[in-house]
Amino acid sequence: MNYRHSYHAGNHADVLKHALLRRLLELMQRKDTPLCYLDSHAGTAFYDLQGETAGKTGEYQDGIGRLWQRDDLPLWLNDFRAAVAGHNTADELRYYPGSPQLIADLLRPQDRMILSELHPVDAETLKQYFADQEQVAVHQRDGYQLPKAFLPVAEKRALWLLDPPFEQPDELQRCISALQIAIQRMRQTIIALWYPIKDQRLLRDFYQQIADAGLPKALRVELNIRPADNQMGLNGSGLILVNPPWPIWEELEQVLPWLARTLAQSGEGSYRLDWLAGEP
Ligand SMILES: C[S@@+](CC[C@H](N)C(=O)[O-])C[C@H]1O[C@@H](n2cnc3c(N)ncnc32)[C@H](O)[C@@H]1O
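Only a predicted model underlies this, so the values are computations on that prediction, with no experimental measurement involved.

Caption draft 1: Highlighting the overall build of the protein chain. Broken down by element type, the protein chain carries ten helices and ten strands. Taking 19 Å as the expected radius of gyration for a compact globule of 280 residues, we find that the protein chain reaches 17 Å, a close match to that expectation. Across its three principal directions, the C-alpha atoms of the protein chain cover 45 × 45 × 40 Å. In the protein chain, which comprises 280 residues, the proportion classed as buried is 56%. Residue pairs at least 24 apart in sequence account for 75% of intrachain contacts in the protein chain once pairs closer than 6 positions are excluded. For the protein chain, the exposed surface amounts to about 12,400 Å²; the carbon and sulfur share of it is 47%. In the protein chain, 29 side chains carry a positive charge and 37 a negative one; their mean positions are 5 Å apart.

Here you go:
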């Protein structure tokens, strides 16, 4: 396990993933009934952008850094930036919360959060970080096993972030199997599966497998900050949203063009928003 999220915290992919994740939870919280948030590859909850790792790559500067001083953020991008600002002092961008903290900020007394992280150091950091929060359970275990271990949840309402590092060649395949198990065990689970946009050939197979996986609804949300055939690495990122709540599609139609313009790193940015399964 070589991947450490601290090198990438706050980059363009985190901006898309985290802003959207918070919005999904907020839409679920329009109902007062309890819900359970699951984060199978949780990382740690908090990153120092001036620290040894994030400071070395500086990736956050072309991510959250580009939103920091803008006064024209559409819709919930503004709330997302305010959430990050809430963990910083004054105007300085120094700290960046990971997905567990960004969601912990939104939990109501009736909600619950289950985190898993396999890396022993990060798992221990997470355990200590949330030690005094009864609503939060932290497990050091394989995140792909989360659906089998915890679904269906007693609340009958769940949001699952599936956010692996994609270090192993079989991880896209493992994601699809895990999605299928989750939907078999609790059909109404709302799932956000994050994936990197690098290898177009692998992605074509992946899209087809998502379309064929028997999911009730699957929305593809993608943001490219460089042309897709650029050889420079992470050209963009995407999320497959299973069972996305209304009106996320309409909101993304406003948010994605703005992000594509604002986060583009060479040439023009671009985005994609379409249904791979269960088009309404
Ligand atoms: C992309 S990072 C997570 C970032 C975090 N979800 C966020 O948005 O702030 C992926 C994490 O998965 C962990 N990991 C790798 N393989 C895992 C596995 N099989 N089960 C659980 N965690 C794993 C890595 O140690 C890493 O911290």
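Alright, that's what it looks like, and here's the rest.
Caption draft 2: Structural view of the UniProt feature "binding site: S-adenosyl-L-methionine" (unreviewed entry) in the protein chain. Here the UniProt feature "binding site: S-adenosyl-L-methionine" (unreviewed entry) sits at His18, His41, Ser99, Glu117, Asp142, Gly143 and Asp163. Relative to the elements of secondary structure, Ser99 occurs in helix α5 (residues 99-104). Looking at Ser99, the relative accessible area reads 4%, which means it is buried. Not counting chain neighbours up to four residues away, the residues in contact with Ser99 comprise His18, Leu21, Tyr37, Asp39, Ala42 and Leu161. A distance of 2.7 Å separates the side chain of Ser99 from the side chain of Asp39, its partner in a polar contact. Mapped onto the elements of the fold, Gly143 is located in the loop between β5 (136-139) and α7 (146-150). Not counting chain neighbours up to four residues away, the residues in contact with Gly143 comprise Ser40, His41, Ser116 and Trp160.

Caption draft 3: Highlighting empty space enclosed by the protein. In the structure shown here, the tally under the stated rule is one cavity of 30 Å³ or more. Approximately 30 Å³ is the volume attributed to the largest cavity. Every residue lining the largest cavity is listed: Ala19, Arg22, Arg23, Glu26, Trp76, Asp79 and Phe80. Looking at the lining of the largest cavity, the elements with two or more residues in it are α1 (12-28) and α4 (77-85). Here the lining of the largest cavity gets four residues from one element, more than from any other, and that element is α1.

Caption draft 4: Spatial organisation of the nonpolar core. Grouped together as the largest cluster of nonpolar side chains are 97 residues, with contacts concentrated most on Phe206 and Ile210. Top element by residues in this core is α1. It accounts for ten residues. Contacts of Ile210, omitting those with residues within four sequence positions, involve Ile176, Leu179, Leu193, Leu215, Ala218, Ile240 and Leu276.

Caption draft 5: Spatial organisation of the pairing of strand β8 (residues 218-224). Burial analysis of β8 places seven of its seven residues in the buried class, the great majority of the element. Burial of the side chains of β8 extends over both faces: Ala218, Arg220, Glu222 and Asn224 are buried on one face and Leu219, Val221 and Leu223 on the other. Across seven bridges, the pairing between β8 and strand β9 (residues 236-242) is antiparallel. Within β9, the residue paired with Val221 across the bridge is Leu239.

Caption draft 6: Structural context of the sheet that holds β5. A sheet is described by the order of its strands in space; here eight strands give the open sequence β5-β4-β1-β6-β7-β9-β8-β10, paired in mixed fashion. Looking at which strands have only one partner, the edges of the open sheet turn out to be β5 and β10 (270-277). Taken over all neighbouring pairs, the strand axes of this sheet differ in orientation by 15 degrees on average, direction set aside. Bridge count between strand β4 (residues 112-116) and β5: four bridges; the pairing is parallel. Bridged to Ile114 within β5 is Ala137. Strand contacts of α1: β1 (36-39), β6 (158-162), β7 (190-197), β8 and β9, with the helix running at about 20 degrees to β9, the strand carrying the most contacts. Set on the sheet, helix α8 (residues 171-185) makes contact with β6, β7 and β9; between it and β7 the angle comes to about 170 degrees.

Caption draft 7: Local environment of the packing of aromatic side chains. Inspection of every chain in the model, using the stated rule, returns eight aromatic pairs. Seen in terms of ring centroids, Phe46 and Tyr129 are 6.4 Å apart; in terms of plane orientation they differ by 25 degrees. Their pairing is stacked. Residue Phe46 is found in strand β2 (residues 46-48), and its partner Tyr129 is found in helix α6 (residues 120-129); the two are separated by 83 residues along the sequence. Classification of Phe46 as partly exposed rests on a relative accessible area of 31%. Relative accessible area serves as the criterion here: at 32%, Tyr129 is assigned to the partly exposed category. Here Trp249 and Trp275 contribute two aromatic rings whose centre-to-centre distance is 6.2 Å and whose plane-to-plane angle is 5 degrees, an arrangement assigned as stacked. Of this pair, Trp249 sits in helix α10 (residues 248-263) while Trp275 sits in strand β10, and the two are 26 residues apart along the sequence.

Calculation criteria
Residues numbered from 1 in each chain as written. Predicted model: local features only at pLDDT ≥ 70, side-chain atom pairs only at ≥ 80, totals over all residues. Heavy atoms only, no water. Helix = DSSP H or I, 4+ residues; strand = E, 2+ residues; numbered from the N terminus. Rg over C-alpha atoms; globule rule 2.2 N^0.38 Å. Buried < 20%, exposed > 50% of the residue type's maximum accessible area, 1.4 Å probe, protein only. Contact = heavy atoms within 4.5 Å. Areas by Shrake-Rupley, 256 points an atom, 1.4 Å probe, with all protein chains shown as cover. Lys, Arg positive; Asp, Glu negative; His and termini not counted. Charge placed at Lys NZ, Arg CZ, Asp CG, Glu CD. UniProt positions renumbered as here; feature names shortened; annotations may be inferred. Polar contact = N/O pair within 3.5 Å; in protein donor to acceptor, adjacent residues only side chain to side chain. 1 Å grid on protein atoms, 1.4 Å probe; cavity = no way out; pocket = protein on both sides within 12 Å on 5 of 7 lines; lining within 4 Å. Points joined across faces, edges and corners; volume = space filled by probe spheres on them. Core = buried A, V, L, I, M, F, W, Y, C linked by side-chain atoms within 4.5 Å. Pairing = 2+ DSSP bridges. Axes fitted to C-alpha atoms, helices over the stretch in contact; angles between N-to-C directions. Phe/Tyr/Trp six-rings, centres within 6.5 Å; stacked < 30°, edge-to-face > 60°.

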